[in-house]
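Read off the chains here:
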Amino acid sequence: MQTRIEIPQPDDWHVHLRDDTMLAAVVGYTARRFRYAMVMPNLVPPVTSTSAARGYRSRILAHVPSDAPDFRPLMALYCSPAIDVEDLRSGVDEGTVAAVKYYPAGATTNSGDGGTSMLDFLWLFEALADLGVRLLVHAESTDPSIDIFDREVAFLETELVVVRDRIPELDITVEHVSTRRGVEFVTEHDRVAGTITPHHLTRDRSDLLAEGMRPDLYCKPVINSADDRSALVAVATAADPSFFLGTDSAPHPTTAKYGPRASAGVFNAAYGLEVVAEVFERAGALDRLAAFTSVNGRAVYGVPSPDHHLRLTRTTIDADVASTLTTASGEQVVLFGADEAARWTIESV
Ligand code: DOR
Ligand code: ZN
């Protein structure tokens, strides 16, 4: 039996596009599929000013393929003491800066310039609330005494809740929610939304660790328990307006993945939509897929709706799909979700 559904063109509210040869290799996957993409600023050095964001956006657009003319990268600044509030204000006014992203220092890839306490940035968060600009948060404690699987909850309950209480009018997105408690935190607070990734929706820590450790599933926040995963699936497939797709697509070459210390990140720009479609199909919730991929995020970020749709068809015969890409400098990146992608075809209508 064939399943077919049409959805408005989706958006990716959290993506790492990198720079240089990696940018050139990956941006087409995002640009051909998604209309808007919130581009993360964790380059080296990080994107902390309007001119840096403008420059990065031009480099992205220079690499967008000609068959994806409608792609709109939205730029986030990296929360750091280097941000100047007047520069931020003018970046927002001119339409260059769409959000600010907070990283706890040391929590993940290129987070070394991040914060050691959110309370150090109340001056900036107050300016964001004033401007009506969202604060995007990598919610993960870096306290080494806290178990790695408990670090999202610890961060939410000791740091983010304080910011939220001090500045209740601040709009916040908890990025890549990975736990049941994280889902509850978003649900319990007004003005707080959450992105969810394809990998946190479909894999759990047993997939990561039980049958040979899988570097390609290693990311931050780390994929958590089966119970956490089921809470994510439940809220995503319920069309809850506070939750929407952010792939957290984060390419790393195999040379950085397969070694004594795997880099954190899953590259799922290529097949993330197929992976999510499979989740909704299995949950009997395909009629709510569009809310998660195309509607809720736009309402939260206040961007206009698209004029075209994608048709997704689930086939009974698995197709052959690529499982890696190769950059111009010869590096390979593994494409997450090839099994799911083999079952779906996606076309523009
Ligand atoms: O797994 C991750 N990879 N999590 C992040 O927060 C950053 C990302 C990256 O940039 O590689
Ligand atoms: Zn990320």
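Refer to the structure presented above.
Throughout what follows, the structure given in this document is the object of discussion. (Residues numbered from 1 in each chain as written. Chains lettered and ligands numbered in written order. Predicted model: local features only at pLDDT ≥ 70, side-chain atom pairs only at ≥ 80, totals over all residues. Heavy atoms only, no water.)

**Regarding the site of ligand 1**
R18, N42, K220, H252 and A264 are the nearest of the 14 residues found near ligand 1. Here an oxygen atom of ligand 1 and a side-chain polar atom of R18 are 2.7 Å apart. Alone, ligand 1 offers 290 Å² of accessible surface; in the complex the protein occludes 100% of this. Along the lines of polarity and charge, the residues of the shell around ligand 1 split into 3 nonpolar, 8 polar and 3 charged. (Near = heavy atom within 4 Å. Polar contact = N/O pair within 3.5 Å; in protein donor to acceptor, adjacent residues only side chain to side chain. Areas by Shrake-Rupley, 256 points an atom, 1.4 Å probe, with all protein chains shown as cover. Nonpolar A, V, L, I, M, F, W, Y, C, P; charged D, E, K, R; others polar.)

**Topic: the side chain of K101**
Looking at the element boundaries, K101 is found in strand β5 (residues 97-102). At 3.1 Å, the side chain of K101 and the side chain of Y103 are in polar contact. Every residue in contact with K101, bar those within four places of it in the chain, is listed here: H14, M40, P41, L77, Y78, C79, L136, V137, H138 and E175. (Helix = DSSP H or I, 4+ residues; strand = E, 2+ residues; numbered from the N terminus. Contact = heavy atoms within 4.5 Å.)

**A word on the sheet that holds strand β9 (residues 243-245)**
Strands pair in a sheet through their backbones, by hydrogen bonds, and they do so in one of two ways: parallel or antiparallel. Strands sit in the order β2-β3-β4-β5-β6-β7-β8-β9 across an open sheet of 8 strands; the sheet is parallel. Strands with a single pairing partner mark the edges of an open sheet, and in this sheet they are β2 (12-15) and β9. With strand direction ignored, the average angle separating the axes of adjacent strands in the sheet is 30°. Bridge count for strand β4 (residues 72-78) against β5 is 4 bridges, and the pairing is parallel. Bridging from a neighbouring strand, M75 pairs with V97 of β5. Contacts between helix α2 (residues 50-63) and the sheet are confined to β3 (36-39), β4 and β5, with β4 contributing the most and set at about 145° to the helix. (Pairing = 2+ DSSP bridges. Axes fitted to C-alpha atoms, helices over the stretch in contact; angles between N-to-C directions.)

**Side note on the pattern of salt bridges**
Applying the stated criterion to the full structure yields 20 salt bridges. When the shortest N-O distance is used, the salt bridge between R343 and E278 registers 3.1 Å. A residue pair is termed long-range when its members are at least 10 positions apart, and R343 in the loop between α13 (338-341) and β13 (344-348) and E278 in helix α11 (residues 272-282) qualify at 65 residues. Pair check on accessibility: R343 and E278 agree, each one buried. When salt bridges that share partners are traced, they join E157, R181, E184 and E188 into one network. (Salt bridge = Lys/Arg side-chain N within 4 Å of Asp/Glu carboxyl O. Buried < 20%, exposed > 50% of the residue type's maximum accessible area, 1.4 Å probe, protein only.)

**Overview of the pairing of β3**
On β3, burial covers both faces: Y36 and M38 on one face and A37 and V39 on the other are all buried. As paired strands, β2 and β3 are joined by 2 bridges and run parallel to one another. Residue pairing in the sheet places V15 in a bridge with V39 of β3. In this view, the connection linking β2 to its parallel neighbour β3 by way of helix α1 (residues 20-33) has right-handed handedness. Summarising the sheet, β3 and β4 pair through 4 bridges and their orientation is parallel. (Right-handed = clockwise from strand over helix to strand, strands pointing away.)

**Quick look at the packing of aromatic side chains**
Tallied over the entire structure, the rule returns 12 aromatic pairs. On the basis of an interplanar angle of 35° and a centroid distance of 6.2 Å, the ring pair of F121 and W123 is categorised as tilted. In this structure W123 comes out as partly exposed when scored by relative accessible area, which is 37%. Every member of this aromatic cluster is reached through a ring pair, and the members are Y102, F121, W123, F125 and F155. Against the face of F149 rests R205, its NZ or CZ located 4.7 Å from the ring centre. (Phe/Tyr/Trp six-rings, centres within 6.5 Å; stacked < 30°, edge-to-face > 60°. Lys NZ or Arg CZ within 6 Å of the ring centre and 35° of its normal.)

**Section: the coordination of the zinc ion (ligand 2)**
In ideal tetrahedral geometry, four donors around a metal make angles of 109.5 degrees, whereas ideal octahedral geometry with six donors gives angles of 90 or 180 degrees. Bound to the zinc ion (ligand 2) on the protein side are H14 (NE2), H16 (NE2) and D248 (OD), at distances that span 2.0 to 2.1 Å. Sequence spacing among the residues donating to the zinc ion (ligand 2) works out to H-x1-H-x231-D. Of the two residues, H14 sits in strand β2 while D248 sits in the loop between β9 and α10 (254-257), which places them 234 residues apart along the sequence. For D248, a relative accessible area of 6% gives the class buried. (Donors = N, O, S within 2.8 Å, 3.2 Å for Na, K, Ca; no water.)

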